[in-house]
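# Survey of secondary and tertiary structure
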Amino acid sequence: MGSLDISFVPRHLLLWVIVAHHFILVTTCENALYSQFIQEFCFDSFKFVMDATDEKYWCDWEKTQSSYGDLTNCTILIAEKLKCYWPNQVVDDFFITIHRNYFKNCPLTGRAPRDPPNNVLCAFIMVPMLITLLMTALVVWRSKYNEGIV
């Protein structure tokens, strides 16, 4: 009597029972409440950190990774407390809004373009200039040397 024998139930019926159970659990999430909580608890702290960060560093992943991770974890924790699946449409819309407001000008690689260090930059500028001057001097010297041989 301790085990349940379900061998007589057709497999497609079991699949539908599992899907229906999943659907019932999904529909128990209060999307309006979830949206309100992630706005109040998650977004407000993220906004505070981002406003304190200079806008030119918003695309620098090393500067924003911690606050973005905290934002993600916050939405996960609230989803768990409200018995909502994560991710869901509410959280997808929430993160789309976050990206439109804070990361719209970031390159697709996630890194902001910036100049190389000064020593590399100076080498890239000075070496071609010196080669150009050296070649010009060599051509002038060679042309004067050839004039005397004629």
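Further up the page is the structure itself.
Residues numbered from 1 in each chain as written. Predicted model: local features only at pLDDT ≥ 70, side-chain atom pairs only at ≥ 80, totals over all residues. Heavy atoms only, no water.

## Details of the nonpolar core
- Of all hydrophobic cores here, the largest spans 23 residues; its most connected members are Y34, F46, I98, Y102 and F103.
- Where this core is concerned, the elements lending two or more residues are α2 (31–52), α3 (61–81) and α4 (89–102).
- Excluding residues that lie within four positions of it along the chain, I98 makes contacts with F43, F46, L71 and F103. (Core = buried A, V, L, I, M, F, W, Y, C linked by side-chain atoms within 4.5 Å. Buried < 20%, exposed > 50% of the residue type's maximum accessible area, 1.4 Å probe, protein only. Helix = DSSP H or I, 4+ residues; strand = E, 2+ residues; numbered from the N terminus. Contact = heavy atoms within 4.5 Å.)

## Regarding the packing of aromatic side chains
- Considering all chains together, one arrives at nine aromatic pairs under this definition.
- Centroid distance F46 to Y102: 5.3 Å. Interplanar angle 85°. Geometry classified as edge-to-face. Placement of the pair is F46 in helix α2 and Y102 in helix α4, with a sequence separation of 56 residues.
- One aromatic cluster is present, formed by F43, F46, W58, W61, Y68, F94, F95, Y102 and F103 through successive ring pairs.
- Taking the ring centre of Y57 as reference, the NZ or CZ of K63 above it sits at 5.3 Å. (Phe/Tyr/Trp six-rings, centres within 6.5 Å; stacked < 30°, edge-to-face > 60°. Lys NZ or Arg CZ within 6 Å of the ring centre and 35° of its normal.)

## Describing the packing of α2 against α3
- It is the contact of α2 with α3, at a shortest axis distance of 10 Å, that shows an interaxial angle of 165°. Judged on the interaxial angle alone, α3 and α2 are roughly antiparallel. Of the two elements, α2 crosses α3, and the hand of that crossing is right-handed. From α2, Y34, F37, I38, F41, C42, F43, F46, V49 and M50 reach across to α3, where they touch T64, S67, Y68, L71, C74, T75, I78 and A79.
- In terms of residue class, the contact of α2 with α3 is built from 14 nonpolar, three polar and no charged. (Axes fitted to C-alpha atoms, helices over the stretch in contact; angles between N-to-C directions. Parallel < 35°, antiparallel > 145°, perpendicular 65-115°, else oblique. Left-handed = near helix turned anticlockwise from the far one by under 90°. Nonpolar A, V, L, I, M, F, W, Y, C, P; charged D, E, K, R; others polar.)

## A closer look at unusual backbone geometry
- A cis amide bond, omega -5°, links W86 with the succeeding residue P87.
- Look at K83: it is not a glycine, yet its phi comes out positive at around 60°.
- In this structure, K83 sits in the loop between α3 and α4.

## Some details on α2
- For α2, with 22 residues, the first-to-last C-alpha span of 30 Å sits near the 32 Å given by 1.5 Å per residue.
- Largest kink in α2: about 35°, centred on F43.
- Restricting attention to buried positions, one finds in α2 the residues Y34, I38, C42, F43, F46 and M50.
- Where α2 is buried, its residues contact α3 and α4. (Expected span 1.5 Å × (residues − 1). Bend = angle between axes of the 7 residues up to and from the residue.)

## Considerations on the side chain of N88
- Within the fold, N88 resides in the loop between α3 and α4.
- From its side chain, N88 meets the backbone oxygen of Y85 in a polar contact 2.8 Å long.
- At 3.0 Å, the side chain of N88 forms a polar contact with the backbone nitrogen of V90. (Polar contact = N/O pair within 3.5 Å; in protein donor to acceptor, adjacent residues only side chain to side chain.)

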